[in-house]
Amino acid sequence: MTLAKTMEKRCIAYGDCNTEGLKGSTIPLWPELVAAQLEMALTNCGHTMSTTREMSEYARSHPAAGTALGMIQYGLVDSWLTFRGAPYVLYYPDRPLRKVARRVVKKLKKMARTLKLQQRIGAVEQVPVEEYIQRIRAVVRSAPDTLFALVATAPNLDEPRNPRIQRYNSALAALAADEPNAFYVDTYDSLWGSRAESLMEDGTHLTAAGHRLVADAVVREYLAVTAGIDKEAAPE
């Protein structure tokens with residue numbers, strides 16, 4: 001198998017709000033820091049409020065094939081609980097009718113909270129973990145010569161969310177172990193241990209320190225994996 005060594009020095013990131021960054025913020029984002037450290041040109045497909053369903057669309061419009069490194073970071077919204085049967089409207093690609101539909105869905109979910117529908121008819125994750133893994137696996141397998149960093153979802157200061165986040169992270173780690181062109185980047189414990197410095201007061205978004213922590217972990221794992229590939233490819 002030929003991996004990142006033969007690819008152009010380009011990388012691509014797919015992810016949610018912690019990949020796109022907050023609007024108007026000047027904090028260097030973790031994908032930007034990775035690209036700078038590895039001296040690669042970056043395409044950032046991060047999109048706030050997105051799930052792996054949007055990732056599938058981004059992977060069609062911005063495929064990973066031909067890049068040295070693909071970075072995938074989802075789970076925050078995928079693992080979010082909603083009421084069973086709740087509609088979902090994609091954030092990408094966006095269209096005027098979808099914007100209208102999302103406003104309607106937002107009102108519906110507000111009504112559902114008032115009526116306590118999660119308790120009455122059951123709560124489910126926004127994207128079930130099986131679908132989450134299936135979609136990420138499809139992107140990884142769509143570019144077999146690209147090396148993929150599967151980045152753990154950060155913990156949340158709203159602590160009841162964390163068991164679900166950890167379940168999705170465990171599934172992501174298992175996927176990385178199954179795929180020859182993927183590796184897992186586990187930053188959950190490090191971010192939680194430094195949460196006062198790494199997470200914003202909103203409990204969800206990474207601070208500058210958090211972005212640096214994630215970027216350093218991705219670079220460290222990437223260099224370790226590519227060093228192993230180079231060693232295997234070296235003539236005896």
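Bear in mind that the values here come from a model prediction, so they are computed numbers and not experimental data.

## Comments concerning the packing of aromatic side chains
Any aromatic ring pair is given by two values, namely how distant the centres are and how the planes are angled relative to each other. On inspection of all chains with the given rule, the structure shows 2 aromatic pairs. Plain terms: the ring middles of Tyr58 and Tyr92 are 3.7 Å apart, the flat faces sit at 5° to each other, and that makes the pair stacked. Taken together, the residues Tyr58 in helix H3 (residues 52-61) and Tyr92 in the loop between strand E4 (81-83) and helix H4 (96-114) connect sequence positions 34 residues apart. By relative accessible area, which is 9% here, Tyr58 ends up buried. Between Tyr132 and Tyr168, the aromatic rings sit 5.0 Å apart at their centres with planes inclined by 65°, giving edge-to-face as the arrangement. Note that Tyr132 is positioned in helix H6 (residues 129-142) and Tyr168 in helix H7 (residues 162-178), a separation of 36 residues in sequence. Given the relative accessible area of 0%, Tyr168 is considered buried. Between Arg53 and the ring centre of Tyr88, over which it is positioned, the NZ or CZ distance is 5.2 Å.

## Overview of the pairing of strand E6 (residues 147-151)
Counting buried positions along E6 gives 5 out of 5 residues, so the element sits mostly inside the fold. In E6, alternate side chains face the same way, and those of Leu147, Ala149 and Val151 on one face and Phe148 and Leu150 on the other are all buried. Taken together, the 4 bridges between strand E3 (residues 67-73) and E6 define a ladder with parallel strand orientation. Bridge pairing in E6 links Gly70 to Phe148. Here 4 bridges tie E6 to strand E7 (residues 182-185), and the two strands are oriented parallel to one another. Of the residues in E7, the one forming a bridge with Val151 is Val185.

Definitions and limits used
- Residues numbered from 1 in each chain as written.
- Predicted model: local features only at pLDDT ≥ 70, side-chain atom pairs only at ≥ 80, totals over all residues.
- Heavy atoms only, no water.
- Phe/Tyr/Trp six-rings, centres within 6.5 Å; stacked < 30°, edge-to-face > 60°.
- Helix = DSSP H or I, 4+ residues; strand = E, 2+ residues; numbered from the N terminus.
- Buried < 20%, exposed > 50% of the residue type's maximum accessible area, 1.4 Å probe, protein only.
- Lys NZ or Arg CZ within 6 Å of the ring centre and 35° of its normal.
- Pairing = 2+ DSSP bridges.

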